[in-house]
Amino acid sequence: MTTLDGARILVFGASGGLGGPIVEQLAKAGARLTVSGRSLESSEHHTVNADLTLPDSAKAAVAEAVEHHGGLDGIVIAAGVVAFGPVAEVDDDTVDELLLLNYLAPLRVLREALTTLQPGGFVVNISAVVADKPMPNMGAYSASKAAASALLKSVRTEARKSKIRIVDVRPPHTETGLATRPIAGQAPKLPQGLTPESVAARIVAAIADDETDVGADQFS
């Protein structure tokens, strides 16, 4: 079991539709939080500016959180973007942005985490069900999420020496509003998704229960 009371945790994407509920539930569990998000205007928690599209942003954010808390026990990556449309119509700029935010940004965060987190610490990356079940008209997005899952699976083995737990979370469709803000294309008709609060509760439980792989079939 991982004790969240007093745990020092950095949350990327803290202003998002899922990041916000995760922050709330971690705070209720007693965690000491540093939060980062694109639209954080004010927060009761320590706040850092981080634009994960920039090469050194993850490094700077992790360093600032470490300085503030005197160390870090965990990092949650709840930032990402989505795009829709047939592969034949998805341009290179869209693919670049998908890979940058959904794959390269987690890689940069992981790189910092492996040399910064305390033994027994954790990194959680929130992916999506399409990493396992790619969808038509979501091919580029699905591939970016699958790439992140492959990365985490590999890093999980590498991180054993430093006793850092790597958690890959791939929830089913969730009503975060992300599908209404694609960087390209238009969302297909989707079934009613899970509530962000229920998904956040499952993610926080996975952190506390020392899980490492949480697929879509483990949500309800």
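Structure first, text after, so check above.
Heads up: these notes are all about the structure in this document. (Residues numbered from 1 in each chain as written. Predicted model: local features only at pLDDT ≥ 70, side-chain atom pairs only at ≥ 80, totals over all residues. Heavy atoms only, no water.)

Considering the pattern of salt bridges
- All told, the structure shown has six salt bridges when counted by the stated rule.
- Of the charged contacts in the structure, one is a salt bridge between R170 and D132, with a shortest N-O distance of 2.6 Å. One end of the pair, R170, is in the loop between β6 (165-169) and α5 (196-208); the other, D132, is in the loop between β5 (122-126) and α4 (139-158), with 38 residues separating them in the sequence.
- Look at R170 and you get buried, because its relative accessible area is 7%.
- According to the relative accessible area criterion, D132 is partly exposed, its value standing at 46%.
- One salt bridge connects R202 with E211, and the closest N-O pair in it is separated by 2.9 Å.
- Take R202: its relative accessible area is 19%, and that puts it in the buried class.
- For E211, a relative accessible area of 18% gives the class buried. (Salt bridge = Lys/Arg side-chain N within 4 Å of Asp/Glu carboxyl O. Helix = DSSP H or I, 4+ residues; strand = E, 2+ residues; numbered from the N terminus. Buried < 20%, exposed > 50% of the residue type's maximum accessible area, 1.4 Å probe, protein only.)

Examining the sheet that holds strand β7 (residues 213-214)
- Pairing within the open sheet is parallel, and its seven strands lie in the order β3-β2-β1-β4-β5-β6-β7. A single partner strand is all that each edge strand has here, and the edge strands are β3 (46-47) and β7.
- In this structure, β5 lies alongside β6, joined through five bridges in parallel fashion. Bridge assignment links N125 to a residue of β6, and that residue is D168.
- Here helix α3 (residues 92-116) sits on the sheet in contact with β1 (8-12), β4 (74-77), β5 and β6, set at roughly 180° to β4. (Pairing = 2+ DSSP bridges. Contact = heavy atoms within 4.5 Å. Axes fitted to C-alpha atoms, helices over the stretch in contact; angles between N-to-C directions.)

Description of the nonpolar core
- Membership of the largest hydrophobic core comes to 34 residues, with the highest contact counts inside it found for L10, F12, I75, V123 and I166.
- Secondary structure elements with two or more residues in this core: β1, α2 (57-69), β4, α3 and α4.
- Sort the elements by how many residues they give to this core and α3 lands first, with six residues.
- Discounting residues that sit within four places of it in the chain, F12 has contacts with S36, A50, L52, A58, A61, V62, I75, V76, I77, A78, A79 and V109.
- Membership of the second largest hydrophobic core comes to 27 residues, among which are V11, V23, L33 and F122. (Core = buried A, V, L, I, M, F, W, Y, C linked by side-chain atoms within 4.5 Å.)

Quick look at the pairing of β4
- Alternating positions in β4 separate into two faces, G74 and V76 on one and I75 and I77 on the other, with burial throughout.
- Two strands pair when backbone bridges link them, and β1 and β4 are joined in this way by four bridges, in the parallel orientation. Each bridged residue has a counterpart across the sheet, and for L10 the counterpart in β4 is I75.
- Where β4 lies against β5, four bridges are found, and the strand directions are parallel. By the bridge assignment, I77 is partnered in β5 with N125.
- For the crossover from β4 across α3 to β5, the handedness is right-handed. (Right-handed = clockwise from strand over helix to strand, strands pointing away.)

Treat this as a map of the structure, not an account of what it does.
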